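# Residue-level structure breakdown
Residue-level listing of the chains:
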Amino acid sequence: MDTIGKPPAAKQKKKLNKKRVALVASIALVFSALMFFASANVQQTAAALPKNISLGYFDYQAPTIRYGLMMDTFQVSEHTIEANQFLSEILQEHKMPYQQIDQLVQNAKPVFDVRNLRSGKPYVILNADTTNCADYFIYEPSVYGYVVFDLKNLTVKKVEKPIESRVSTASGVIESSLWNTMVDNGLSYELTSKMEDALAWSIDFHHIQKNDQFKLIYEQHFIDGEPVGVGEIRGAYFKNFDNEYYAFYYENDRYNGFYDLEARPMKKAFLKSPVKYSRISSRYNLRRFHPVLRRTRPHYGTDYAAPRGTPIYAVADGVITKASYTRGNGNYVKIRHDDVYQTQYLHMNGFADGIKPGVHVKQGQTIGYVGSTGLATGPHVCFRFWKNGKQVNHLRENLPPPEPMPEEDIPHFNLIRDSLKVRLDSIEYKIVERAVIEEEATVQQQPETTEGERSDP
Ligand SMILES: [Zn+2]
């Protein structure tokens, strides 16, 4: 367990004070719980009182509190809902009169519909005196919370369990694929996906390779000590080929996002690719040997193969200049971003609603859907990047930087960055031996898609 970064001295002091306050508060809480225990329940459950209680010296057995209740005062029986089992059935078994069950079900309605009990989910019956009706029925539909049915007062309340967030670290060296590496290191899909989100602007995750490395600082969420999910990624490091990337999460009351070592936003003016979850099936190549025409024909774009219907995004803010059809391009869209850059998206199945010339689009906005219209044999988008009227390889361009972080925030960012970087750099790589030696991964060659060699401007 750890805090994020190195807080400045004043903060640290504040934190210490907070700790002290928390300690005092928890002692007070235990004490008042104890007083409650001693006074309220004494007549009813005197037999259940621990023998070694001695208030004067704090020499007592701490009561077990679960569901906000003093468990020691009850007989606790734990069960799971069986198939086709109803609440009324369960409660009748525990000596609850039918009329009261009916009232309880009515009272529950605004909080919890008792028809939603699911077989296999756990429930607990608390009973102070088993010769009488039980005191509580507590249902746990998920790890995130539970529903308390007070069988004496006929009240029902839903309680969300507190989520505890701890800062965790992770690392890995790519052996065969990013996914395998994450699995081998016991890391979740959720974490993989959040790392991709943090770094997607700098790293093309379709083209990571063996020996690429990553390190992460992130928030792991726990409920009752069990991991339940991943919060924010705080810091990320990725070594792709020989390039090193750092991403630091920064937030204040005005904005948030990932920034690099120099406080530049990770988010770029242009998206790396116009489709998510795609792969490059053909690159920009001025001397491509055309598989169908069987001669050298330049390929002025980058082809991203993806299932038909996959959304195609505008890679940057701009104005639509074309949304039309030609024999070679099929359905295509062209966007002017500024005086220098334009982008073009070919072979669309169709356009997104409202996409027509003159319309402003935002970065990441869906402009159309992957298809194979025009000269294309398989569904893909041929992405053309125009610079000063010429088609260039966008993967080789040094594209303009996005809006920088405001000057006045940089000192604060630097503090956070420094502590995260120290922490990231100190993470050691876990080298995990794969239990099963995988066969040499064979690269599946996708059938080439054919298309017109020229894109109509
Ligand atoms: Zn193409």
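Residues numbered from 1 in each chain as written. Predicted model: local features only at pLDDT ≥ 70, side-chain atom pairs only at ≥ 80, totals over all residues. Heavy atoms only, no water.

## Quick look at a nonpolar patch on the surface
Here is the rule: Candidates for patches are residues over 30% relative accessible area with no salt bridge; among them, like charges are joined within 9 Å and nonpolar side chains (Val, Leu, Ile, Met, Phe, Trp, Tyr) within 5 Å. Each accessible area is a Shrake-Rupley result for a 1.4 Å probe, and residues are judged covered by the shown protein chains and nothing else. Salt bridge criterion: a side-chain nitrogen from Lys or Arg within 4 Å of a carboxyl oxygen from Asp or Glu. Partly exposed residues are those whose accessible area sits between 20% and 50% of the maximum for their type, while under 20% is buried and over 50% is exposed, using a 1.4 Å probe and protein chains only.
A contiguous nonpolar patch, built from V143, Y144 and I163 and spanning about 280 Å² of accessible area, is present on the exposed surface. For V143, a relative accessible area of 45% corresponds to the partly exposed category.

## A closer look at the confidence of the model for the protein chain
Counted only if it meets this: Per residue, pLDDT measures the predictor's confidence, with a range of 0 to 100. Residue contacts are defined here by distance: any two heavy atoms, one from each residue, within 4.5 Å place the two residues in contact.
Across the protein chain, the average pLDDT comes to 81, with 79% of residues at or above 70. Of the regions scoring below 50 in pLDDT, residues 1-19 engages in 15 contacts with residues more than four places distant in sequence or in other chains. Of the regions scoring below 50 in pLDDT, residues 435-453 engages in 36 contacts with residues more than four places distant in sequence or in other chains.

## A look at the nonpolar core
What tends to happen in soluble globular proteins is that the nonpolar side chains get buried as a cluster. Short version of the rule: What is meant by a nonpolar core is a set of buried Ala, Val, Leu, Ile, Met, Phe, Trp, Tyr and Cys residues, joined one to another through side-chain atoms within 4.5 Å. Helix and strand assignments come from DSSP, with helices taken as H or I runs of at least 4 residues and strands as E runs of at least 2, each series counted from the N terminus.
Ranked by internal contacts, the top residues of the largest apolar core, which has 27 residues, are I312, I320, V333, I335, Y345, I355 and I367. Looking at this core, the elements with two or more residues in it are β16 (318-326), β17 (330-336), β18 (341-351), β20 (366-370) and β21 (380-387). Grouped together as the second largest cluster of nonpolar side chains are 23 residues, L187, L191, Y218 and I233 included.

## Comments concerning the sheet that holds strand β8 (residues 164-173)
Put simply, the rule is: Strand pairing is assigned whenever DSSP detects at least two bridges linking the two strands. In this analysis, axes come from line fits to C-alpha atoms, helices being fitted only over the stretch in contact, and the angle between any two N-to-C directions falls in the range 0 to 180 degrees.
Read across the open sheet, the five strands follow the order β8-β9-β10-β11-β12; overall the sheet is antiparallel. Strand pairing shows two members of the sheet lacking a second neighbour, β8 and β12 (256-259), which therefore form its edges. The mean inter-strand angle of the sheet, taken between neighbouring strand axes irrespective of direction, is 25 degrees. This element, helix α6 (residues 189-199), spans β8, β9 (213-223), β10 (226-240), β11 (243-251) and β12 of the sheet and lies at about 40 degrees to β10. Helix α7 (residues 410-426) rests against β8, β9, β10, β11 and β12 of the sheet, and its axis sits at about 130 degrees to β11.

## Overview of unusual backbone geometry
You will see that A263, though not glycine, has its phi angle at about 65 degrees, which is positive. Mapped onto the elements of the fold, A263 is located in the loop between β12 and β13 (279-282). On the basis of relative accessible area, A263 is assigned to the buried category, the value being 4%. You will see that N388, though not glycine, has its phi angle at about 50 degrees, which is positive.

## Side note on the pattern of salt bridges
Summed over the entire model, instances satisfying the criterion amount to 17 salt bridges. One salt bridge connects E140 with K161, and the closest N-O pair in it is separated by 3.3 Å. Of the two residues, E140 sits in strand β5 (residues 136-142) while K161 sits in the loop between β7 (155-160) and β8, which places them 21 residues apart along the sequence. Note on E140: relative accessible area 15%, which makes it buried. Judged by relative accessible area, which is 13%, K161 ranks as buried. Linking D260 and R264 is a salt bridge whose minimum nitrogen-to-oxygen distance equals 2.8 Å. Note on D260: relative accessible area 13%, which makes it buried. Residues joined by salt bridges that share partners form a network here, namely E140, K161 and D224.

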